[in-house]
Every structure is written in C-alpha cells, then in structure tokens.
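# Notes for the structure review
Below are the chains, spelled out letter by letter.
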Amino acid sequence: MTEHERIPLAGVIGSPVAHSRSPFLHGYWLRRYGLKGAYIPMDIAQADLAEALQTLPKLGFVGLNVTIPHKESVLKLADIVTDRAALIGAANTLIFRQDGKIHADNTDGSGFIANLRQNAPMWAPAAGPAAVLGAGGAARAVIAALIEMGAPEIRVANRTRARAEALRSDFGAKVVVHEWVQAGQMLEDCATVVNTTSLGMTGKPAFKVPLTGLSAKAVVSDLVYTPLHTDFLEQAARAGATTVDGLGMLLHQAAPGFERWFGARPEVDEATRQAVLGA
Ligand code: NAP
C-alpha cells in the first residue's frame, strides 16, 4: 500500500450494468456532501469476477455494489458474509476492509423497510399477513425483512411454484405458498402487498394479475421503479390502498454502502429522488 492519501473509489459491478442508476445516485451524494471520491459502473464477466475482486482493492477501491449476475457468486468469494446476506443467498454491497478481507452484506431488505417507513408512516407490518408476488432474489430479501418486522404470515405466489416452495423450506412455516393463477385471492386481510416480479417493468410483460381481494387498509409496494407509476400500483390505488413506488428502496439500499465507503450518512429525500429521476 502507498503512504500518501488516496481518493476512495467505489462502483457497481454487473453485466450488463449500463442501465444502473447507482452511479448518478452516488455521484449526486458525493457532490452534495462535498466528499472526495468516485463511483463508476463496471461491466465484469462472470469469468473475471474473482480476479476483479482481488485487483480492485489494490487500485484504491473501498467497496462495491453488486448486481445481476454476480449477487450470488460474490458470497463464495467474500471472507465475511453477514447473517442476512447468507439467509438471502445474495449480496449487493461489498466492503474492502483495510485488513484485506472482503465483507459482503445485503441491504435490499433494510432498503425496502426504510422506503415503506418513510412513505407510509402508518404502515404496521405486524398487523396482518403480507403477500409477496414473485420468488426471485428480491423476494428473498423482502421476505427476510418482513419476518424480522414481525409479519405473522407471508403468502407467496410465483409463476414457478417450486421456487416459492423453496422459500418455505428456507424461511420456515410463516411462508405459505399460493397458486400464481389465484394470486389476487391471497391478498385478503393483508397489511402488506409487494410485487417482487419484474412484470410491469419497461421492456417486460405487463402485470395483469387482478388484485381481487386487496383491502383498502393495505400498504402496497412495487419493486419495479421503471416506470415509477406501474399498472400494479395504479390497480392498488384504485382499490383505495396506500401505494409506495420502488425508487425509494433503491435509494435506501444504497445509503449504508455510501456511508461505509465515503464516510457520511446520506439523506434520502425529495432532492435525492429528483437527482436520480433527472439523470
Ligand atoms: P429474479 O431473481 O430474476 O426474479 C424475477 C421474478 O419475476 C421471479 O419471481 C419470476 O418468476 C418473475 N417473473 C419474471 N417474468 C415473469 C412472467 N412473465 N410472469 C410471471 N412472473 C414472472 O429478479 P429479482 O432480482 O428478484 O428482481 C425482481 C424485480 O425487482 C426486478 O424488476 C428488479 O429490477 C426489481 N428490484 C428492485 C429493487 C429496488 O431497489 N427497487 C431491488 C431489487 C430488485 P419465475 O420464478 O417463475 O421465473
């Protein structure tokens, strides 16, 4: 290691990665807080991942965000994996420690909770069952967080039923699997309803599941944030439910990494949202 001062570097690794909004977000926070540092997107192939994780710390990188397809593979390459990342089976935030060890965490679940707390302050996750549409990586983070928040039951429906069944074996009997074709009916009495599928995202098929049983008391969130106002959220709003878009989750999941790498806890507020939306 050199003796002189180094500017902390961080970035997001994935493939593809050009679509990521994270560089705009971290770039905005660096400017806003007047901090030295840089954050860049890096398209890294699976075959080069291990070498990249060895080399980047030597170049001055203090950590990384991780996106598809590396979220699972980085767990095997990290020296320290938080309990929540191990439970979820994926990491989205790496810290390159000064002792040379790689620390892997998953902040998607805490980002999801912080978004709902901020935008639906009356939300009471323990007051009733939660319904989760989808059973991919994001669903695992959301389910772990909902269980931690005291949700009494997690109803899961997924196109590929076996993936939902796997969540029950990993997260326990609180997870109750429902048929995808009848997903609308599992929403009755739910305090929380979340779309964790990619349906409704720009370029993906539309979200067409009728939200038949949805109660006006439910807090409903979509993890999809392109577009911001999805058909899923519009359907929920028509039923009188409180809706929260997915952009806040993206912003909140990024905050812990920024703080560890650059030394200031960033604020997630309207100015931050606008900086990312306008990018
Ligand atoms: P993933 O692991 O690939 O899972 C995708 C999910 O979508 C699976 O449940 C999949 O069902 C379902 N799906 C895909 N196409 C479908 C179709 N045509 N009909 C029915 N179901 C379909 O992806 P992920 O990492 O969990 O991400 C899911 C979404 O969340 C993405 O849109 C991602 O951008 C978003 N996300 C947002 C944030 C945020 O901060 N707001 C964070 C993480 C993820 P099968 O199992 O049947 O394939």
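Throughout, a residue's number is its position along its own chain's written sequence, starting from 1. Selection of residues for local features in this predicted model requires a pLDDT of at least 70, selection of side-chain atom pairs for listing and counting requires 80 or more, and totals for whole chains, interfaces and linings are taken over all residues. Excluded from the side-chain calculation are hydrogens and water; included are all heavy atoms of the structure.

### Here's the deal with the pairing of strand β10 (residues 192-195)
The side chains of a regular strand alternate between both faces of the sheet. Burial classification: accessible surface area is computed with a 1.4 Å probe over protein chains only, and a residue below 20% of its type maximum counts as buried, one above 50% as exposed, and the rest as partly exposed. Strands are runs of DSSP state E lasting at least two residues, helices are runs of H or I lasting at least four, and both sets are numbered from the N terminus onward. Residue alternation in β10 divides its side chains into two sets, T192 and V194 and V193 and N195, and both sets are buried. We call two strands paired when DSSP finds no fewer than two bridges between them. With four bridges joining them, β10 and strand β11 (residues 219-222) adopt parallel strand pairing. Within β11, the position partnered with N195 by the bridge is D222.

### Here we look at the site of the ligand
In the vicinity of the ligand lie 22 residues, with A138, N158, R159, T160 and R163 positioned nearest. Nitrogen and oxygen atoms within 3.5 Å of one another constitute a polar contact, given that in protein one can donate a hydrogen and the other can accept it, and given that sequence-neighbouring residues count only through two side-chain atoms. A distance of 2.8 Å separates an oxygen atom of the ligand from a polar side-chain atom of R163. The separation between an oxygen atom of the ligand and a polar main-chain atom of L250 is 3.2 Å. Per-residue accessibility takes into account occlusion by the displayed protein chains alone, with areas from the Shrake-Rupley method and a 1.4 Å probe. Across the complex, the protein chains shield 79% of the 920 Å² of accessible surface that the ligand would expose by itself. Those elements giving two or more residues to the shell around the ligand turn out to be α6 (137-148) and α9 (247-262). Whether a residue is near a molecule or strand depends on its heavy atoms: it is near if one of them lies within 4 Å of it.

### Digging into the side chain of T272
Residue placement: T272 occurs in helix α10 (residues 270-277). Residue T272 is classed as buried on the basis of its relative accessible area of 0%. Within the structure, T272 has its side chain in polar contact with the side chain of R32 (distance 3.4 Å). When checking whether two residues touch, look at their non-hydrogen atoms; a contact exists if any pair is within 4.5 Å. Leave out the neighbours within four places in its chain, and T272 touches L25, Y28, W29, R32, L251 and E267.

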